[in-house]
Number of protein chains: 2
Amino acid sequence: MAVNARIPKGTRDFTPEVMLRRNYIFNTIKEVFHQYGYLPIETPAMENLSTLMGKYGEEGDRLLFKILNSGDYLAKADENALNEKDSNKLISSISEKGLRYDLTVPFARFVVQNRNELSFPFKRYQIQPVWRADRPQKGRYREFYQCDVDVIGSDSLLNEVELIQIVNDVYNRLRLNACFRINNRKILAGLAEIAGASDKMTDMTVAIDKLDKIGLDKVCQELESKDIATNSINKIKEVLALEGSNLEKLNFLKDQFSGSEIGLKGVEELRSVLDYLAPLPIKMDLLFDVTLARGLNYYTGAIFEVSAKDAKMGSITGGGRYDNLTGVFGLKDMSGVGLSFGADRIYDVMLQLGLFEKITNLDQTQLFFVNFGEKEANYCLQLLTRLRNADINAELYPDSAKMKKQMTYANQKNIPYVALIGESEMESGLISLKNMTTGEQQKLSLEEVINVIKR
Amino acid sequence: MAVNARIPKGTRDFTPEVMLRRNYIFNTIKEVFHQYGYLPIETPAMENLSTLMGKYGEEGDRLLFKILNSGDYLAKADENALNEKDSNKLISSISEKGLRYDLTVPFARFVVQNRNELSFPFKRYQIQPVWRADRPQKGRYREFYQCDVDVIGSDSLLNEVELIQIVNDVYNRLRLNACFRINNRKILAGLAEIAGASDKMTDMTVAIDKLDKIGLDKVCQELESKDIATNSINKIKEVLALEGSNLEKLNFLKDQFSGSEIGLKGVEELRSVLDYLAPLPIKMDLLFDVTLARGLNYYTGAIFEVSAKDAKMGSITGGGRYDNLTGVFGLKDMSGVGLSFGADRIYDVMLQLGLFEKITNLDQTQLFFVNFGEKEANYCLQLLTRLRNADINAELYPDSAKMKKQMTYANQKNIPYVALIGESEMESGLISLKNMTTGEQQKLSLEEVINVIKR
């Protein structure tokens, strides 16, 4: 009996049509990374569970895909856990490895394990899938790509500047209008300090992080519920409501933070970054947003979040500076800063805005040869060689099937030009070229065909 | 306590140096694929075990990495298997999914599941990692990339022709001298038939497949041990010892096969392929090798194997035609032909032959700016923008660290040019450019720098 051809829940096949577009996004991002000296690394899909567990909280541990040990895995299974049928307790004795949950922890492990082979500051990017045993739902998958870029081993603010330039260049090339919001964790710490709520820093950032979703009133309610004093909340409210240009906001905060060293440091760092960028050609909006908090506790300096101006999609890129990524693996004092591009969301935004239709350099076939029979095919093979030498993607239908069938194939593959070579073309040495968009057909020499297609 | 930063046994990290070279190989292969109209697909790392099991033999089933079901997986565990501590029997009740073992079975599943969205003949390539719980040893990994290219849904021999051209183009571009050996399963079937051993076809091909490793005498011994008659073995021996040009061999076999329809069909197919190729520019050796058998039973027509002429490495590419890839998933009569490029072996051959040293277009940084301080850095940022607009990969060291430290960084990253911008360069508008290979240093305008680097 035939096996049912079925993909696991929450995973996806990518057909050529989708792959060409995804690759266009990834290739664009990679080209920009290379222009700035960021180089690729790859880590294995599997990591030891000792590397992964405890890094993503209890929920994260649960969502890790665990790999069953090979061979007679029950031989070493925890007897008690087996008898109690305690699934959770049994895991560590029958599973040593898991699939990576993100690229951050594997990157930290990579840096520590390979530190003697790397040159610091180490500028790397990594584009690989990650896996999470989440309940599948619209837009949330159990396998998806992350696209991370980081520099580690330097606390220079030039790194922040460079990452902002990278985001600008990527979205410029993708023709996507972006809004880059920046804040600094030290500014949030300063805010907590001047509000007299330094000990509630985490509660405060967690609450502020929800501002977009729940609004200022509910944020204040949440702050109250965390026993933050009313005058503290008022202070926080005043700052969160801050308006004006980036410079006006910085100047206002500088005054506010006269009593907070860390707050002043945050203002100074952010001002430095903006000063470096001022004379450079940044096309996207660059907005100092004091309400940007980002939930992750490991950020210590700049924090970033990017959205598409013309689409409702939430964050399409985000990141920030961290000081202790590798500490858990025993390597201290490695400050770094990085970003993660959300490929799936970028894809969805570009689809929504019709941006893929404007791209003419997808890696698809540019010229299709109809197959009229063996003699003609032989003739076409030679033309194909010359076209490919001229860097044109071209193919011949493998069978001399009915014209309609062949044209349907060319259409389904979105091939823009079709070449027809019959008796008369073989005699004249010309090619009948059909433009599939306009329907126009003309007889041209091979050189003319190359020029038309490359135009 | 710090967690030990350790990668799982049998897996690898790829550092930027290695990644740039691997990407060079993959990008070269992809470019050639695109030139012939082959497009990418991707399938998920996980497949249902019902898709994977039973496709690779008992050994293969054992080597599949199985993923533990999420949540309380013991709740649905097979009670008997648990009580008997039968690891093997328990698997199906606690694991539904496994990591893909190759790209062939997922491709077949993909074609069947997505058949209504695909245009046939379907030309696809797929470059993704696969996982096998093999005992790790030199050159054998638990995670490695496969790079498959196939066309399915056409039995035209033009597909074979095209794949041979692709192999030729790929190795031409990689500057690797290749020897392409071709045979046809129908010729082997003809041989079995004229030797009166048609019922022993599998035993015969399995034995012949070992010819390279164990020599003709031992192959004959193995044939004897399978109860193949002595005069059959003599006939097989005579054909295996066949020498001469491709055409001479074909002519000899045509005579021999006068009583074997399938044998004649094989000769005719192979002759057609060679005839198509004759007028085309094929640089690699193309050898009809009647001793080429390839173990896999699903091949039904052409079989291919490619080796590097200047290195001892075994097969670096292989494949053939199959008639029933998708049958197991309920889709009959889909003939296809394909190839698999062995990326790890190609990498090793190229390393061994020093071919990477001749490549000048790796995606690495081309120009490094020494950082002399804030003012200079600001100035450099503007130059960097213009260089990147001219498609040059360039970076500025993020800290104004000691010269020696910065130069060491540039050296370790193999950056060929270093730019020095101090007070006098900022005044003159010129750039002091150092060629890191020759040590030569000169003052140039930005345009001149661009020309030097692009030269």
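Per an unreviewed UniProt entry, chain A carries the name Histidine--tRNA ligase and comes from Balneicella halophila. Turning to chain A, the UniProt record has this under Catalytic activity (unreviewed entry): "tRNA(His) + L-histidine + ATP = L-histidyl-tRNA(His) + AMP + diphosphate + H(+)".

Caption draft 1: How the structure looks around the overall build of chain A. Assigned secondary structure in chain A consists of 18 helices and 16 strands. With respect to the principal axes defined by its C-alpha atoms, chain A has extents near 90 × 65 × 45 Å. Relative to its 455 residues, chain A shows a buried fraction of 59%. Of the contacts made within chain A by residues no fewer than 6 positions apart, 68% connect residues no fewer than 24 positions apart.

Caption draft 2: Main features of the nonpolar core. Among the nonpolar cores identified, the biggest contains 109 residues, and Y171, L176 and F341 of chain A together with L367 and F369 of chain B are the most heavily contacted of them. For this core, the leading source of residues is helix 7 (residues 158-173) of chain A, giving eight residues. One finds I421 of chain A together with F26, I29 and L280 of chain B within the second-largest nonpolar core, a separate group that totals 107 residues.

Caption draft 3: Quick look at helix 9 (residues 201-208) of chain B. Residue and element names in this part refer to chain B. Turning to helix 9, its buried residues number three or more, namely M201, M204, T205, A207 and I208. Each buried residue of helix 9 lies within a common arc of 160 degrees when the element is viewed along its axis, so the set occupies one face. Turning to helix 9, the residues buried within the fold contact helix 8 (185-194), helix 10 (211-225) and helix 11 (230-240).

Caption draft 4: Quick peek at the pairing of strand 5 (residues 122-131) of chain A. Residues and elements named next belong to chain A. With respect to burial, strand 5 is a largely interior element, ten of its ten residues being buried. Where strand 1 (residues 39-40) lies against strand 5, two bridges are found, and the strand directions are parallel. Looking across to strand 5, one finds that L39 is bridged to R124. Bridge analysis of strand 5 against strand 6 (residues 143-152) gives ten bridges, and the strand direction is antiparallel. Across the sheet, residue I127 finds its bridge partner in strand 6, namely C147.

Caption draft 5: Structural view of the side chain of D344 of chain B. Counting through the fold element by element, D344 of chain B comes out in helix 14 (residues 343-352). Looking at D344 of chain B, the relative accessible area reads 18%, which means it is buried.

Caption draft 6: Inspection of the sheet that holds strand 16 (residues 441-444) of chain B at higher detail. Residue and element names in this part refer to chain B. Judged by pairing direction, the sheet is mixed, and its five strands sit side by side in the order 13-12-14-15-16 without closing on themselves. On the outer flanks of this sheet lie strand 13 (394-396) and strand 16, each paired with one strand and no other. The average undirected angle you get between the axes of adjacent strands in this sheet is 25 degrees. Contacting strand 12 (367-369), strand 13 and strand 15 (431-435), helix 15 (residues 374-389) runs over the sheet at an angle of about 170 degrees to strand 13.

Caption draft 7: Region of the structure containing the relation of the copies chain A and chain B. With an RMSD of 0.0 Å, the operation that places chain A on chain B is a rotation of 180 degrees combined with a shift of 0.0 Å along the axis. The transformation just described matches what one would write down for a two-fold rotation axis. Distance from the rotation axis, computed per C-alpha, reaches its smallest value in chain A at I67 of chain A: 2.2 Å. In this assembly, 100% of the residues forming the interface of chain A have copies in chain B that are likewise at the interface, indicating an isologous arrangement.

Caption draft 8: Summary view of the sheet that holds strand 9 (residues 299-308) of chain A. Residues and elements named next belong to chain A. As summarised here, the arrangement of the eight strands in space is 1-5-6-11-10-9-7-8, forming an open sheet in which the pairing is mixed. Only two strands of the sheet have a single neighbouring strand rather than two, namely strand 1 and strand 8 (285-288). Pairing geometry for strand 7 (residues 178-184) and strand 9, over seven bridges, is antiparallel. When the bridges of strand 9 are listed, A178 appears paired with A308. Contacting strand 6, strand 9, strand 10 (315-322) and strand 11 (336-341), helix 14 (residues 343-352) runs over the sheet at an angle of about 145 degrees to strand 10.

Caption draft 9: Structural view of the domain arrangement of chain A. Here chain A is described as being made up of domain 1 (16-356) and domain 2 (367-454). When each unit is reduced to the centre of its C-alpha atoms, the spacing between domain 1 of chain A and domain 2 of chain A is 49 Å.

Caption draft 10: Highlighting the UniProt feature "binding site: L-histidine" (unreviewed entry) in chain A. All names here are of chain A. Look at the UniProt record and you will see "binding site: L-histidine" (unreviewed entry) annotated at D102, L103, T104, R132, Q146, D150, R294, Y298 and Y299. The named residues occupy 198 residues along the chain; their greatest pairwise C-alpha distance, 22.7 Å, places them well apart from one another. Within the fold, D102 resides in the loop between strand 4 (97-99) and helix 6 (104-113). With residues near it in sequence (within four places) discarded, D102 still touches Y56, V130, R132 and Q146. Look at R294 and you get buried, because its relative accessible area is 16%. Setting aside its immediate chain neighbours within four residues, R294 contacts R185, D209, Y299, I303, F304, E305, G318 and G319.

Caption draft 11: Geometry of the environment of L444 of chain A. On the secondary structure map, L444 of chain A appears in strand 16 (residues 441-444). Here the alpha-carbon distance between L444 of chain A and I431 of chain A, two residues 13 residues apart in the chain, equals 5.2 Å.

Caption draft 12: How the structure looks around the side chain of D13 of chain A. Take D13 of chain A: it is sitting in the segment before helix 1 (16-35). Relative accessible area serves as the criterion here: at 15%, D13 of chain A is assigned to the buried category. Here R109 of chain B takes part through its side chain, which lies 2.6 Å from a polar atom of the side chain of D13 of chain A. A distance of 3.0 Å separates polar atoms of two side chains, one belonging to D13 of chain A and the other to N114 of chain B.

Caption draft 13: Representation of the interface of chain A and chain B. Listed by partner, the interface residues are 109 residues for chain A and 110 residues for chain B. Linking chain A with chain B are six salt bridges, by the criterion used here. Here E79 of chain B and K85 of chain A are joined by a salt bridge, their closest N and O atoms 2.8 Å apart. Looking at which element gives the most residues to the side of chain A that touches chain B, the answer is helix 15 (residues 374-389) of chain A, with seven residues. A breakdown of the residues in the side of chain A that touches chain B according to their chemical character gives 52 nonpolar, 30 polar and 27 charged.

Caption draft 14: Looking closely at the pattern of salt bridges. Residues and elements named next belong to chain B. In this structure the tally under the stated criterion is 52 salt bridges over all chains. Residues E59 and R62 are paired through a salt bridge, measuring 3.1 Å at the closest nitrogen-oxygen approach. Linking E59 with R62, this pair stays in helix 3 (residues 57-63), spanning three residues, or about one helical turn.

Caption draft 15: Structural detail: the packing of aromatic side chains. All names here are of chain A. As enumerated under the stated definition, the model contains 30 aromatic pairs over all chains in all. Aromatic side chains Y56 and Y101 sit 4.3 Å apart centroid to centroid with 40 degrees between the ring planes, which places their arrangement in the tilted category. Taken together, the residues span a long stretch of sequence, with Y56 in the loop between helix 2 (49-52) and helix 3 (57-63) and Y101 in the loop between strand 4 and helix 6 at a distance of 45 residues. A relative accessible area of 16% means that Y56 is categorised as buried.

Caption draft 16: How the structure looks around the state of the cysteines. Residues and elements named next belong to chain B. In total, this model carries zero disulfides over all chains according to the counting rule given. As a non-bridged cysteine, C147 has C179 as the owner of its nearest cysteine sulfur, 20 Å distant. Judged by its relative accessible area of 1%, C147 is buried.

Caption draft 17: Layout of the packing of helix 12 (residues 246-256) of chain A against helix 13 (residues 261-277) of chain A. Residue and element names in this part refer to chain A. Interaxial distance between helix 12 and helix 13 falls to 10 Å at its minimum, and their mutual angle equals 160 degrees. Overall, the two elements helix 12 and helix 13 adopt an arrangement that is roughly antiparallel. In this structure, the crossing between helix 12 and helix 13 has a hand that is left-handed. In this structure, helix 12 uses N246, L247, L250, N251, L253 and K254 to contact helix 13, whose residues at the interface are L264, V267, L270, R271 and L274. In the contact of helix 12 with helix 13, the residues fall into seven nonpolar, two polar and two charged.

Parameters at a glance
- Residues numbered from 1 in each chain as written.
- Chains lettered and ligands numbered in written order.
- Predicted model: local features only at pLDDT ≥ 70, side-chain atom pairs only at ≥ 80, totals over all residues.
- Heavy atoms only, no water.
- UniProt positions renumbered as here; feature names shortened; annotations may be inferred.
- Helix = DSSP H or I, 4+ residues; strand = E, 2+ residues; numbered from the N terminus.
- Buried < 20%, exposed > 50% of the residue type's maximum accessible area, 1.4 Å probe, protein only.
- Contact = heavy atoms within 4.5 Å.
- Core = buried A, V, L, I, M, F, W, Y, C linked by side-chain atoms within 4.5 Å.
- Arc of directions from axis to C-beta.
- Pairing = 2+ DSSP bridges.
- Axes fitted to C-alpha atoms, helices over the stretch in contact; angles between N-to-C directions.
- Least-squares fit on C-alpha atoms with pLDDT ≥ 70 in both.
- Domains from an automatic or database assignment.
- Polar contact = N/O pair within 3.5 Å; in protein donor to acceptor, adjacent residues only side chain to side chain.
- Salt bridge = Lys/Arg side-chain N within 4 Å of Asp/Glu carboxyl O.
- Nonpolar A, V, L, I, M, F, W, Y, C, P; charged D, E, K, R; others polar.
- Phe/Tyr/Trp six-rings, centres within 6.5 Å; stacked < 30°, edge-to-face > 60°.
- Disulfide = S-S within 2.5 Å.
- Parallel < 35°, antiparallel > 145°, perpendicular 65-115°, else oblique.
- Left-handed = near helix turned anticlockwise from the far one by under 90°.

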